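# Structure assessment
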Amino acid sequence: MVRNLRGRDFLTVHDFSKEELSEILLFALQLKQEKKAGLEHQLLRGKTLGMIFQKASTRTRVSFEVGMYQLGGCALFLSAADLQIGRGEPVKDTARVLSRYLDGIMIRTFDHSEVEELATFADIPVINGLTDLLHPCQAMADLMTILEQKGKLAGLKLAYLGDGNNVAHSLLLACSKMGLNIAVASPKGYEVKAEIVAKAKESAAVSGTGITLTTDPREAAAGADILYTDVWASMGQETEHQLRLKAFQQYQLNKEMLKMAADDAIVLHCLPAHRGEEITDEVIEGPQSLVFDQAENRLHVQKAIMAKLI
Ligand code: CP
Ligand code: NVA
């Protein structure tokens, strides 16, 4: 039985059951189909989402804003630099004030604990639009894209090559929860965090899937149904870029790496991509790449999340 999700926060996929995540994904597929057929919804009529950004964004900002409009509500872009929060007003005060005006908050920031504090003090749903630790809305769009393409999730193998970052963490949590096997290949010193692996292992024990953590990208890619990569230097790590370029050389998603995977493997990347670094132009532009469907699905899956929570 799926509980009513109204009023819940969306800080990490780990807080949701497999059934709850499935329900969101199926609703997202339905909303996508209906939108394409010209059917409009007013599920969030009269509702307002505040969107706090401490970091840059193209997809998250536009897809949340458009998603609110498409559901009959409206969205406010709130640059952290222009809010009093940027001048030191406590998160807990901001949370309580915004709760008096808004119906939901989406936040993109650095420190994950800031989002947790916001959620603790806000009495409206808080949605994580990316922190240094996690990127749960991205993982939901990724699952939706895989489900659309493969017709199932359980039993597939996803290989993530590169930095053990926010995207890798949310994929680990999402795949282990939904029954996909996941292999993560990262160089020494850039592995996924142990606290995330521990949570993913809890889910994997329930769903009966495998988690492989390795430094060997070819081992991870072998037989994979989905090959996934992300930037080697995330937002906030710009000064480490040169160092990281060297550390990650062997982890590029290129034609040779693609040959290791299943013949019908698909290629995903959360974007923005750095061609010639974590992925080659040839692979991202190639026939197995679904990166623009994946970006589109941010819109549909976030509409489903907002419609269920707000
Ligand atoms: N993938 C993603 O979150 O993109 P933006 O940084 O453009 O929002
Ligand atoms: N790992 C990347 C994802 C961007 C969507 C970052 O945090 O910059």
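All values derive from a computational prediction rather than experimental measurement. (Residues numbered from 1 in each chain as written. Chains lettered and ligands numbered in written order. Predicted model: local features only at pLDDT ≥ 70, side-chain atom pairs only at ≥ 80, totals over all residues. Heavy atoms only, no water.)

This brings us to the site of ligand 1. Around ligand 1 lies a shell formed by Ser57, Thr58, Arg59, Thr60, Arg108, His135, Gln138, Cys270, Leu271 and Arg298. Contact distances for ligand 1 include 3.0 Å between a nitrogen atom and a side-chain N or O atom of glutamine 138. Protein chains shield 95% of the accessible area of ligand 1, which is 250 Å² for the free molecule. Judged by the fraction of its atoms near the pocket grid, ligand 1 is located in the largest pocket. Grouping the constituent residues of the shell around ligand 1 by class yields two nonpolar, five polar and three charged. (Near = heavy atom within 4 Å. Polar contact = N/O pair within 3.5 Å; in protein donor to acceptor, adjacent residues only side chain to side chain. Areas by Shrake-Rupley, 256 points an atom, 1.4 Å probe, with all protein chains shown as cover. 1 Å grid on protein atoms, 1.4 Å probe; cavity = no way out; pocket = protein on both sides within 12 Å on 5 of 7 lines; lining within 4 Å. Sits in = over half its atoms within 2 Å of the grid points. Nonpolar A, V, L, I, M, F, W, Y, C, P; charged D, E, K, R; others polar.)

This part is about the pairing of strand E9 (residues 266-269). The alternating pattern of E9 places Ile266 and Leu268 on one face and Val267 and His269 on the opposite face, and all of these are buried. In this structure, strand E8 (residues 226-229) lies alongside E9, joined through four bridges in parallel fashion. For isoleucine 226, the partnering residue across the bridge sits in E9 and is isoleucine 266. (Buried < 20%, exposed > 50% of the residue type's maximum accessible area, 1.4 Å probe, protein only. Helix = DSSP H or I, 4+ residues; strand = E, 2+ residues; numbered from the N terminus. Pairing = 2+ DSSP bridges.)

This paragraph deals with the pattern of salt bridges. Counted by the stated rule, this structure contains 12 salt bridges. The partner of aspartate 93 in a salt bridge is arginine 96, and the shortest N-O contact between them spans 2.9 Å. Here aspartate 93 pairs with arginine 96, and both are found in helix H3 (residues 91-101), just three residues apart, close to one helical turn. On the basis of relative accessible area, arginine 96 is assigned to the partly exposed category, the value being 39%. Among the ionic pairs, aspartate 264 bridges to lysine 150, the shortest N-O distance being 3.7 Å. Within this pair, whereas aspartate 264 is found in the loop between helix H10 (255-260) and E9, its partner lysine 150 is found in helix H5 (residues 136-150), the two being separated by 114 residues in sequence. Each of Asp163, Glu240 and Arg244 takes part in a single network of salt bridges with overlapping partners. (Salt bridge = Lys/Arg side-chain N within 4 Å of Asp/Glu carboxyl O.)

Turning our eyes to something else, we now look at the sheet that holds E9. Strands sit in the order E7-E6-E5-E8-E9 across an open sheet of five strands; the sheet is parallel. Unpaired on one side and paired on the other, strand E7 (211-214) and E9 mark the two borders of the sheet. Here the average twist between neighbouring strands, direction ignored, is 15 degrees. Seen against the sheet, H5 touches strand E5 (157-161), E8 and E9 and runs at an angle of roughly 165 degrees to E9. (Axes fitted to C-alpha atoms, helices over the stretch in contact; angles between N-to-C directions. Contact = heavy atoms within 4.5 Å.)

It is worth spelling out the sheet that holds strand E1 (residues 48-53) at this point. By definition, the strands of a sheet pair up through backbone hydrogen bonds, in either a parallel or an antiparallel sense. Pairing within the open sheet is parallel, and its four strands lie in the order E2-E1-E3-E4. Looking at the sheet topology across the chains shown, the edges are occupied by strand E2 (74-79) and strand E4 (126-128). Strand after strand, the sheet turns through a mean of 20 degrees between neighbouring axes, direction not considered. Here three bridges tie strand E3 (residues 104-108) to E4, and the two strands are oriented parallel to one another. By the bridge assignment for E4, isoleucine 107 is matched with asparagine 128. Its contacts with the sheet place helix H2 (residues 59-70) against E1, E2, E3 and E4, and it is angled at close to 175 degrees to E1.

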